[in-house]
Amino acid sequence: MRIVFMGTPEFAVPSLLALIKAEHEVVAVYTQPDKPQGRKMILTPPPVKVEAEKQLIPVYQPKTLKAPEEVARLTSLKPDAIVVAAYGKILPKAVLDIPKFGCINVHASLLPKYRGASPVQAAILNGDAETGVTTMLMAEACDAGDILFQKATPILPDENTPELMARLAKLGAELLITTLKAVEEGTVKPQKKDDTKATHVS
């Protein structure tokens, strides 16, 4: 499948690598702009950009996807699907409508619980016994699309946020490959979320 990948932090890297290993054609990577980090505020590329450049995949870092030229560029890439993992931007409808198989998101919670940017931290802080990953078709609102697949996992005793994040990143990457195969074959039926059970974390 011809894929445009969108992701930014370390969590997204295993999903990118899984796509490559599964021999999907990753034609471009979109990630957030480089940001100053550390005491010396050194301009630092996101982990996804670092990995994409190692893999010789073209990288784009637009400030917004709403500009007509960005929509035109994405359209010209002719993706079968756009895969998103912790990209950090809500995709506008003009982008959501481009790929024939839709835009598929990998999220580190069992949606509709813990929509938003910090689901792993929230699960640990709230003392949850389990969490998991969700793949879904993206909609215009944050983490509001229909569910494709979910995989639960217990939160281990004394497991901290970085450890759980790394485990969920790997689990999400595996679920992504399963999801793309089912989407391409037409064997998955998207499930509506129960929005009355939704919780949000910033």
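Residues numbered from 1 in each chain as written. Predicted model: local features only at pLDDT ≥ 70, side-chain atom pairs only at ≥ 80, totals over all residues. Heavy atoms only, no water.

Engineer: Explanation requested: helix 6 (residues 161-185) in the structure shown.
Structural biologist: Residues separated by three or four positions in an α-helix point in the same direction, a consequence of the helix having 3.6 residues per turn. The first and last C-alpha atoms of helix 6 sit 35 Å apart over 25 residues, in line with the 36 Å expected at 1.5 Å per residue. Inspection of helix 6 places Leu 164, Leu 168, Ala 169, Leu 171, Gly 172, Ala 173, Leu 175, Leu 176, Thr 179, Leu 180, Ala 182 and Val 183 among the buried residues, and these make up the whole buried set. Two to three positions downstream of the cap, the backbone nitrogen of Glu 163 sits 2.9 Å from a side-chain oxygen, assigning the N-cap of helix 6 to Asn 160. Where helix 6 ends, the next residue or the one after it, Gly 186, has phi of about 70°, a positive value. (Helix = DSSP H or I, 4+ residues; strand = E, 2+ residues; numbered from the N terminus. Expected span 1.5 Å × (residues − 1). Buried < 20%, exposed > 50% of the residue type's maximum accessible area, 1.4 Å probe, protein only. Polar contact = N/O pair within 3.5 Å; in protein donor to acceptor, adjacent residues only side chain to side chain.)

Engineer: Looking at this model, I keep getting lost on the sheet that holds strand 2 (residues 25-30). Mind explaining?
Structural biologist: Whenever strands of a sheet pair, they do so through backbone hydrogen bonds, lying parallel or antiparallel. On the basis of which strands lie adjacent, the open sheet formed by seven strands has the order 5-2-1-6-7-9-10 and mixed pairing. Two strands bound the open sheet, and with one partner strand each, they are strand 5 (59-60) and strand 10 (147-154). (Pairing = 2+ DSSP bridges.)

Engineer: Looking at this structure, I do not really get the pairing of strand 2. What am I missing?
Structural biologist: Successive side chains on a regular strand alternate, one facing one side of the sheet and the next facing the other. Most of strand 2 sits inside the fold, with five of its six residues counted as buried. Relative to strand 2, strand 1 (residues 2-7) runs parallel, the two sharing five bridges. Within strand 2, the position partnered with Val 4 by the bridge is Ala 28. Taken together, strand 1, helix 1 (residues 13-21) and strand 2 form a β-α-β motif whose crossover is right-handed. Here strand 2 runs beside strand 5; their pairing, made up of two bridges, is parallel. Within the sheet, the bridge partner assigned to Val 29 lies in strand 5 and is Val 59. (Right-handed = clockwise from strand over helix to strand, strands pointing away.)

Engineer: Just checking my understanding: could you explain unusual backbone geometry for this structure?
Structural biologist: A negative phi holds for most residues other than glycine; trans holds for most peptide bonds. Omega for the bond connecting Leu 111 with Pro 112 falls within 30 degrees of zero, at 15°, which places this linkage in the cis form. Counting through the fold element by element, Pro 112 comes out in the loop between strand 7 (103-107) and strand 8 (115-116). Despite not being glycine, Asp 158 shows a phi value in the positive range, around 65°. Positionally, Asp 158 belongs in the loop between strand 10 and helix 6. Residue Asp 158 is classed as exposed on the basis of its relative accessible area, which comes to 79%.

Any functional reading would require information beyond the geometric quantities listed.
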